[in-house]
Structure formats: structure tokens, C-alpha cells
Amino acid sequence: MFGRALIGVFLGAVAGLVGTIVHAGPVNMVGLGLAVAFALCGTGAWMAVEMGVASWIGYALGCYAVLIWLFFFPQNGDQLADTSSWASTAWLWGSILVITLPIFLLRVLSRRDKLEKLH
């Protein structure tokens, strides 16, 4: 269980780092960058849920820790994201949604499967 949580923390940190870098997207295509960042973090969260709740918790903590670190405590004045940009605000709030959504979806889907098997 502890090993899976550590794997989740590592994967979450990598997803948070890459998502923060790509969320701004190419010039004049901010929506594309956000879509790639959300897809990356969402699929990683889904995989972490499939590995177990401890892995998902580690993934979420790792991703959020890197997000907060890169946004609010930049190293040597090098800022990877502009906190006044609408894309950065969407990435901060949307990442919370994208990372927490898979655990709720899988629970709902697993309940439906159990109900269908009863009938």
C-alpha cells in the first residue's frame, strides 16, 4: 500500500509538472494547451484510481504539491505560469476537478454494474 502511494506521488508530480508547462499551449491556442493538460492529469488520475485509493491519494497530493510549488513559489524568479492569466486560473481549478472526477465516476459505474448483475 505504501509503495503504491509513493508511485502515485511520483506520477502525480510528473503530471503536475508537465501539465503546468503545457497548459498555456502554443501561441493563440490556449484551449489546446488546457485540453492536453487536463487529458494528461485526468488519465493519470484514472490510472491511479485503478491502482487503488492510496495510489490516487498520492497522485492527487503529488500533483497539487507541484502545482502550488510552481505557481506560488517559483524558483529564482522563473515563473512557469502567469497567475493573472485566465488559462492559469482555469488550470488551477480545472485540475482539481479533473483529478477528483475519476474516483467518483468509477464508484458510480461500479454501483451500476452491481445493480445490473442483481437483476
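The rules behind the values
- Residues numbered from 1 in each chain as written.
- Predicted model: local features only at pLDDT ≥ 70, side-chain atom pairs only at ≥ 80, totals over all residues.
- Heavy atoms only, no water.
- Helix = DSSP H or I, 4+ residues; strand = E, 2+ residues; numbered from the N terminus.
- Buried < 20%, exposed > 50% of the residue type's maximum accessible area, 1.4 Å probe, protein only.
- Contact = heavy atoms within 4.5 Å.
- Areas by Shrake-Rupley, 256 points an atom, 1.4 Å probe, with all protein chains shown as cover.
- Core = buried A, V, L, I, M, F, W, Y, C linked by side-chain atoms within 4.5 Å.
- Axes fitted to C-alpha atoms, helices over the stretch in contact; angles between N-to-C directions.
- Parallel < 35°, antiparallel > 145°, perpendicular 65-115°, else oblique.
- Nonpolar A, V, L, I, M, F, W, Y, C, P; charged D, E, K, R; others polar.
- Patch = residues over 30% accessible without salt bridge, like charges linked within 9 Å, V, L, I, M, F, W, Y side chains within 5 Å.
- Salt bridge = Lys/Arg side-chain N within 4 Å of Asp/Glu carboxyl O.
- Phe/Tyr/Trp six-rings, centres within 6.5 Å; stacked < 30°, edge-to-face > 60°.

### Some points on the overall build of the protein
Right, so step 1: Assigned secondary structure in the protein consists of 4 helices and 0 strands.
Right, so step 2: Relative to its full complement of 119 residues, the protein shows a buried share of 33%.
Right, so step 3: Taking the intrachain contacts of the protein between residues at least 6 apart in sequence as the baseline, contacts between residues at least 24 apart amount to 70%.
Right, so step 4: For the protein, the accessible area works out to roughly 7,400 Å², and carbon and sulfur atoms hold 72% of it.

### Points about the nonpolar core
The nonpolar side chains of a soluble globular protein tend to be buried with one another.
Right, so step 1: Core analysis: the biggest nonpolar cluster contains 19 residues, and Cys-41, Trp-56, Tyr-59, Trp-91 and Ile-99 have the highest contact counts within it.
Right, so step 2: When contributions to this core are tallied by element, the ones reaching two or more residues are α2 (30–51), α3 (53–72) and α4 (86–118).
Right, so step 3: Dropping the residues within four chain positions of it, Cys-41 is found in contact with Ala-15, Tyr-59, Cys-63, Trp-91, Val-98 and Ile-99.

### Re the packing of α2 against α3
Right, so step 1: Across the interface, α2 lies against α3 with an axial gap of 7 Å and an inter-helix angle of 150°. If you check the angle between α2 and α3, you find them roughly antiparallel. Residues Leu-40, Cys-41, Gly-44, Ala-45, Ala-48, Val-49 and Met-51 of α2 touch α3, and the partners they reach there are Ser-55, Trp-56, Tyr-59 and Cys-63.
Right, so step 2: In terms of residue class, the contact of α2 with α3 is built from 9 nonpolar, 2 polar and no charged.

### Describing a nonpolar patch on the surface
Right, so step 1: Taken together, the side chains of Phe-10, Val-14, Leu-17, Val-18, Ile-21 and Leu-40 present a nonpolar region at the surface, about 490 Å² in accessible area.
Right, so step 2: Per-element tally for the nonpolar patch: the top contributor is helix α1 (residues 2–22), with 5 residues.
Right, so step 3: Looking at the element boundaries, Phe-10 is found in helix α1.
Right, so step 4: With relative accessibility at 56%, the residue Phe-10 sits in the exposed group.

### Here we look at the packing of aromatic side chains
Right, so step 1: Across all of its chains, the model carries 2 aromatic pairs by this definition.
Right, so step 2: When the centroid spacing of 5.7 Å and the interplanar angle of 35° are considered together, the rings of Phe-38 and Trp-91 count as tilted. With Phe-38 in helix α2 and Trp-91 in helix α4, this pair connects stretches of sequence that are 53 residues apart.
Right, so step 3: The exposure class of Trp-91 is buried, given its relative accessible area of 0%.
Right, so step 4: Ring centres 6.2 Å apart and planes at 45° place the aromatic pair Phe-71 and Phe-72 in the tilted group.
Right, so step 5: Among the residues examined, Phe-71 registers a relative accessible area of 2% and is labelled buried.

### Concerning the environment of Tyr-59
Right, so step 1: Among the structural elements, Tyr-59 can be located in helix α3.
Right, so step 2: For the pair Tyr-59 and Gly-44, spaced 15 residues apart in the sequence, the C-alpha separation amounts to 8.0 Å.
Right, so step 3: Discounting chain neighbours no more than four positions away, the residues touching Tyr-59 are Gly-8, Val-9, Leu-11, Gly-12, Ala-15, Leu-40, Cys-41, Gly-44, Ala-45, Ala-48 and Ile-99.

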